[in-house]
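Structure assessment
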Amino acid sequence: MTMMNTTGSGNHHHGLLSKIATNDEHGENSLYFHGWKAYDDNPFHLTQNPNGVIQMGLAENQLSSDLIEDWMKKNQRASICTTEGVHMFKEIANFQDYHGLPEFRNAVAKFMGKARGGRAEFDPERIVMGGGATGANELLMFCLADPGDAFLVPSPYYPAFDRDLRWRTGVKLLPVECKSSDSFRITREALEEAYEKASESNIRVKGLIIGNPSNPLGTIMDRNTLKSLVSFVNDKNIHFVCDEIYAATVFKQPEFISVSEIIQEMDCNLDLIHVVYSLSKDMGMPGFRVGIVYSYNDKVVTSARKMSSFGLVSSQTQHLLASMLSDDEFVERFICESSRRLEKRHRIFTEGLKEVEIKCLEGNAGLFCWMDLRPLLKEATFEAETELWKLIINQVKLNVSPGSSFHCSEPGWFRVCFANMDDETVQVALQRIRTFVNEKKGTGKAAPEKKKKQWQKNLRLSFSSGRIYEDGCLSPHVLSPHSSMLRAQT
Amino acid sequence: MGFVSSNNQQHLLSKIATDGGHGENSSYFDGWKAYDSDPYHPTGNPDGVIQMGLAENQLCFDPIEEWVVNNPKASICTAEGAGNFKDTAIFQDYHGLPEFREGVANFMAKVRGDRARFDPDRIVMSGGATGAHEMLVFCLADPGDAFLVPTPYYPGFDRDLRWRTGVQLVPVPCESSNHFKITGAALEAAFRRAKDANIRVKGLLITNPSNPLGTILDKSTMRDILSFITRNNIHLVLDEIYAATVFSQPRYTSIAEIVEQESGSNSINTDLIHIVYSLSKDLGFPGFRVGIVYSYNDAVTSCARKMSSFGLVSTQTQHLLAAMLSDNDFVGKFVAESGKRLAKRHEDFTKGLAQVGIGSLESNAGLFFWMDLRRLLKEPTPEAELALWKVIVHEVKLNISPGVSFHCSEPGWFRVCFANMDDDTMRVALRRIRSFVAKRKGMEGPAKRQCWRSNLQVNLSFRRMDDITMMSPHSPLTSPLVRART
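Definitions and cut-offs
Residues numbered from 1 in each chain as written. Chains lettered and ligands numbered in written order. Predicted model: local features only at pLDDT ≥ 70, side-chain atom pairs only at ≥ 80, totals over all residues. Heavy atoms only, no water. Core = buried A, V, L, I, M, F, W, Y, C linked by side-chain atoms within 4.5 Å. Buried < 20%, exposed > 50% of the residue type's maximum accessible area, 1.4 Å probe, protein only. Contact = heavy atoms within 4.5 Å. 1 Å grid on protein atoms, 1.4 Å probe; cavity = no way out; pocket = protein on both sides within 12 Å on 5 of 7 lines; lining within 4 Å. Points joined across faces, edges and corners; volume = space filled by probe spheres on them. Nonpolar A, V, L, I, M, F, W, Y, C, P; charged D, E, K, R; others polar. Buried area = accessible area lost by both parts, 1.4 Å probe. Salt bridge = Lys/Arg side-chain N within 4 Å of Asp/Glu carboxyl O. Helix = DSSP H or I, 4+ residues; strand = E, 2+ residues; numbered from the N terminus. Axes fitted to C-alpha atoms, helices over the stretch in contact; angles between N-to-C directions. Parallel < 35°, antiparallel > 145°, perpendicular 65-115°, else oblique. Left-handed = near helix turned anticlockwise from the far one by under 90°. Pairing = 2+ DSSP bridges. Expected span 1.5 Å × (residues − 1). Phe/Tyr/Trp six-rings, centres within 6.5 Å; stacked < 30°, edge-to-face > 60°. Lys NZ or Arg CZ within 6 Å of the ring centre and 35° of its normal. pLDDT = per-residue confidence, 0-100.

F89(A) and F240(A) are the most contacted members of the largest nonpolar core, which has 333 residues in total. Ignoring anything within four residues of it in the chain, the contact list for F240(A) reads L208(A), I210(A), L226(A), L229(A), V230(A), V233(A), V259(A), L272(A), I273(A) and H274(A).

Here it is as structure tokens:
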């Protein structure tokens, strides 16, 4: 009889576990996740830990939850746990039909329309649930591509696409470079070139996936570019997946244009068009795991619906949101007020940066800015970017996300999230940035050396896979609701 | 202005999307069509089809509702609990709320009479048991690998374990001659068969208590199983989602108890042991999608946790259950009461059937029993079983599930669910069965044949299952069609 009670480590498990379980494709070795450790070890608190690291690597929308709490108090029937609503408890707890509660689908379809200013209408029959946008994106890949097939994706892009779209599906991602000289807009030429290269390498491209509004850029796609993408996918007969989870975070002109509007304006094979949506960003409810796949292809809807069994939305949550999202007055007020607060926060932050001559890519959406720190780089390399990033985390004590973790082709860009903190914290962050920039400009050599010792000591960038993610998980910091570590989606 | 092209769908979509691997073409789903088009209602439609194909636990909701009303802080929507709304809605850490994991670990222990302890740090979430099974297979096996699974087994396994993973299922036949018990010989034979076909077996999946049998594993079978997997160094996955539905002797033994008992001796390689759990059956909460993977293998726990991002439990639900499952007073009372009600329902049914000479496999768990209708078959063939089934659905108007849909190797067995209806409906169902059996005894020859040619076409190539709208007036929220899990 064998006697192993060993705990997991590398080689012992090859053969015993699957290839998927033993490769690194979950992506948690990326820099994107590493900055969180510094935060988790020393999280900022206005009064209790004013010198801690401020979390600016988390794309969360925390600015408008009071509106939701307010609605909650006035709509007790929406919950199956209140005295007003408990008569529905049994029925709802028992409901597991993968079509979802009809009233939930109706409400989500309505909300999606409102988030697009009523410029597109969504059919509740096409609403399919996924386990958050994370699950929705993976689900779509399983429907549209075989292992070994590829999807084109404009870079810079959301780092977790590497896991969500590839890990268990075996699908490849081919980045299509966007340049700062084009304001990071995707060009038809770049797409064609990427497609050609794939064909030459005998890689079958099954589709193009974009985030619109873009994470990390915070920009929306203009009409002409969107049209040219639709035309491109039609020409090549490949799929077009639009991840529109930031749709309602557009806070100023120009107005958001969804692919669902574009297809009304041009000839297009609808079987190629699919939208991924979620309530995690627009409503600030990532915990509720509301992912939506909305496809214009009937067969995809059917297939995806069957697959949704692997990640349905809790019926308790469906029931709550069915009420909330069909309250037209609330929804309209929420979207409007949320935009207003995002606009204000964005303005305060970007203006604060401008004071020290830090520019951001001109953006009108999202929960973050795409900050241009190229002037602060020692040299235009990714090593220099990483060095600067270490400095920012360790000395300035801000967890921002380096562009390389988004597969950006040019070093020096950083994504900075601004919607997950209160007003005072924003000011502290801005103050620290001001100090840092001024020091860099003003002071001589002495200061940098002292700093060098500090960051070598505190931040060990370990690229070999995480004991961080196994035992480190149990630290009290990590388990607080504010812990950013290991988010499902950020 | 768009147009829809129907050309090239086959190539446009993935193989997975077009291969029918979702399994909805099985006869298991067929009977629901009859129910959906003619669902029983005591006053509105007293001649309608009674749903007995759905393994749901609807007998014990009153104590739950009472607890909910008395514990408003467990909800993030009540006045008392709304203060937690923001933090809960924003929490998306795939470790889950610590108090949720503690609550689940506590509940799992209590359900097993505290004969085993569960470590909250090994609790990993998934999208229902459906998601848990798929996730485990993704961790343990590569495409083309196989899992052994004793028959008869839950039809959803065909989809959950195989569809997107590319893993195969190799059946291990169990026979009525020894009460459908799993034998070491059958395990070895199946393993050898796979080996001869060049199929790499990565594990064995056991459901204990069993669906559809309603039986639990005895100690000697457990020993055979453990010895088999250890000898062959393959994984053992125990689906224990019916653990709290054990309603009479003998006492249930979870694999967790065995692991704890043997922990000093090193006779079990715990890296091979994994449990799938859920609240869908024990508590009757299938809608809440609470699937749990509990592995004794650290690497699997770690990997599964990362994968759980694809199917986490809603934090609103985590928050509610954290409180409920840590309330030992409630848990103790609930498990006892639920067991009592299941026992009574089971007894009423099986006694009622015995009175007309219909036997069922002796069982002490589950939300169903395994009914023996072999002597009502024209001949001992799957075709005869399906013919009989057509009659039962269409004439007797009971939607029960034919053994063939559970891959049973012997025709004539049917799974009958009893925990998803009230007492009156149960009496109606019994009445119908009794008169059907009486009629059958009385009739012989050609007249009998006419009865069988019914209107229900067993549609084995399953066309447009999904076109059947869930929104028919007959079946607002109760349509069983295409449940996530039944």
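Let's shift gears to empty space enclosed by the protein. Evaluation of the coordinates by the stated rule reveals 11 cavities of 30 Å³ or more. In this structure, the largest cavity encloses a volume near 150 Å³. For the largest cavity, the lining is made up of 21 residues, of which R168(A), F310(A), R164(B), F310(B) and G311(B) are closest to its centre. Its residues assigned to classes, the lining of the largest cavity shows 7 nonpolar, 10 polar and 4 charged.

A separate point is the interface of chain A and chain B. Of the residues lining the interface, 113 residues belong to chain A; the matching set on chain B comes to 103 residues. When chain A packs against chain B, the two sides together hide about 9,800 Å² of surface, and 58% of this comes from carbon and sulfur. Ranking the residues of chain A by area buried against chain B places Q96(A), R168(A) and F310(A) at the top, with a combined share of 9%. Between chain A and chain B we count 2 salt bridges in total.

The next subject is unusual backbone geometry. With omega at 5°, the peptide bond leading from S155(A) into P156(A) counts as cis. Along the polypeptide, P156(A) turns up in the loop between strand 3 (150-155) and helix 7 (161-166). The omega torsion of the bond from N211(B) to P212(B) falls at 15°, within 30 degrees of zero and hence cis. Residue placement: P212(B) occurs in the loop between strand 5 (201-207) and helix 10 (219-232). Look at N237(A): it is not a glycine, yet its phi comes out positive at around 55°. By the element assignment, N237(A) lies in the loop between helix 9 (223-236) and strand 6 (239-243). Taking relative accessible area as the criterion, N237(A) reaches 34% and is therefore assigned partly exposed. A positive phi angle, near 60°, is found at H407(B), a position not held by glycine. Relative to the assigned elements, H407(B) resides in the loop between strand 12 (401-402) and strand 13 (413-417). Residue class for H407(B) comes out partly exposed when judged on its relative accessible area of 34%.

Looking now at the packing of helix 4 (residues 61-70) of chain B against helix 13 (residues 315-326) of chain B. Any two packed helices are characterised by how steeply their axes cross, that is the angle between the axes, and by the distance between the axes. Residues and elements named next belong to chain B. Helix 13 packs onto helix 4 with a crossing angle of 105° between their chain directions and a minimal axis gap of 11 Å. The orientation of helix 4 with respect to helix 13, classified from their angle, is roughly perpendicular. Along its contact with helix 4, which presents I64, W67 and V68, the element helix 13 presents L320, A323 and M324. For the contact of helix 4 with helix 13, the class distribution of residues is 6 nonpolar, no polar and no charged.

Residues and elements named next belong to chain A. Where helix 8 (residues 188-200) meets helix 9, the closest approach of the two axes is 10 Å, and the angle between their N-to-C directions is 25°. In terms of their interaxial angle, helix 8 and helix 9 are classed as roughly parallel. Two packed elements cross with a definite hand, and for helix 8 against helix 9 that hand is right-handed. Contacts between helix 8 and helix 9 involve R188, L191, E192 and Y195 from the first element and S228, L229, S231, F232, D235 and K236 from the second. The class makeup of the residues in the contact of helix 8 with helix 9 is 4 nonpolar, 2 polar and 4 charged.

What follows deals with the sheet that holds strand 9 (residues 359-360) of chain B. All names here are of chain B. Read from one edge to the other, the open sheet built from 4 strands follows the order 9-10-13-12, with strand pairing classed as antiparallel. Of all strands in the sheet, those bounded by a partner on one side alone are strand 9 and strand 12. Of the strand pairs in this sheet, strand 9 and strand 10 (residues 368-372) are connected by 2 bridges, and their pairing is antiparallel. Paired with S360 across the strands is M371, a residue of strand 10. Contacts between helix 14 (residues 328-354) and the sheet are confined to strand 9 and strand 10, with strand 10 contributing the most and set at about 10° to the helix. Running over the sheet, helix 15 (residues 382-396) touches strand 12 and strand 13 and is turned about 35° from strand 13.

Residues and elements named next belong to chain B. Counting buried positions along strand 13 gives 5 out of 5 residues, so the element sits mostly inside the fold. Along strand 13, one buried face is formed by W413, R415 and C417 and the opposite face, lined by F414 and V416, is buried too. Strand direction decides the pairing type here: strand 12 and strand 13, joined by 2 bridges, are antiparallel. Considered in strand 13, the bridge of S401 is made with R415.

Let us look at helix 14 (residues 382-396) of chain A. Residue and element names in this part refer to chain A. Under the 1.5 Å per step criterion, the end-to-end length of helix 14 is 20 Å for 15 residues, consistent within 8% with the ideal 21 Å. Those residues of helix 14 lying buried are A384, E385, T386, L388, W389, L391, I392, I393, N394 and V396. Following helix 14 by one or two positions, K397 adopts a phi angle in the positive range, close to 60°.

Our next topic: the sheet that holds strand 6 (residues 235-239) of chain B. All names here are of chain B. Taken together, the 7 strands give an open sheet; going across it, the order is 2-8-7-6-5-3-4, and neighbouring strands pair in mixed fashion. Here the strands that pair on one side only, and so sit at the sheet edges, are strand 2 (123-127) and strand 4 (168-172). Neighbour-to-neighbour, the strand axes of this sheet turn through a mean angle of 25°, independent of strand direction. Together, strand 2, strand 3 (146-150), strand 5, strand 6, strand 7 (273-278) and strand 8 (290-295) form the strand contacts of helix 7 (residues 128-140), whose direction differs from that of strand 2 by roughly 115°. Taken strand by strand, helix 12 (residues 298-307) contacts strand 2, strand 7 and strand 8, and its axis lies near 40° from that of strand 2.

The next subject is the side chain of Q318(A). With respect to the helices and strands, Q318(A) occurs in helix 12 (residues 315-325). With relative accessibility at 2%, the residue Q318(A) sits in the buried group.

It is worth spelling out the packing of aromatic side chains at this point. Considering all chains together, one arrives at 34 aromatic pairs over all chains under this definition. Plain terms: the ring middles of F122(A) and Y294(A) are 5.0 Å apart, the flat faces sit at 80° to each other, and that makes the pair edge-to-face. In this pair, F122(A) is assigned in the loop between helix 5 (102-115) and strand 2 (127-131) and Y294(A) in strand 8 (residues 290-295), connecting sequence segments 172 residues apart. Given the relative accessible area of 7%, F122(A) is considered buried. You can call Y294(A) buried: its relative accessible area is 2%. An angle of 90° between the planes, with centres 5.8 Å apart, marks the rings of F191(B) and F228(B) as edge-to-face. On the criterion of sequence distance, the pair formed by F191(B) in helix 9 (residues 184-196) and F228(B) in helix 10 is long-range, its members being 37 residues apart. In this structure an aromatic cluster arises from ring pairing among F89(A), F61(B), F285(B) and F288(B). Between the NZ or CZ atom of R163(A) and the centre of the ring of F310(B), over which it lies, the distance is 6.0 Å.

Before going further, it helps to examine the confidence of the model for chain A. Residues and elements named next belong to chain A. Overall, the prediction assigns chain A a mean pLDDT of 88, with 86% of residues at 70 or greater. Note that pLDDT drops below 50 for residues 1-13; the model gives that stretch 27 contacts with residues more than four away or on any other chain. Counted against residues more than four places away or in other chains, residues 444-490, with its pLDDT under 50, gives 104 contacts.

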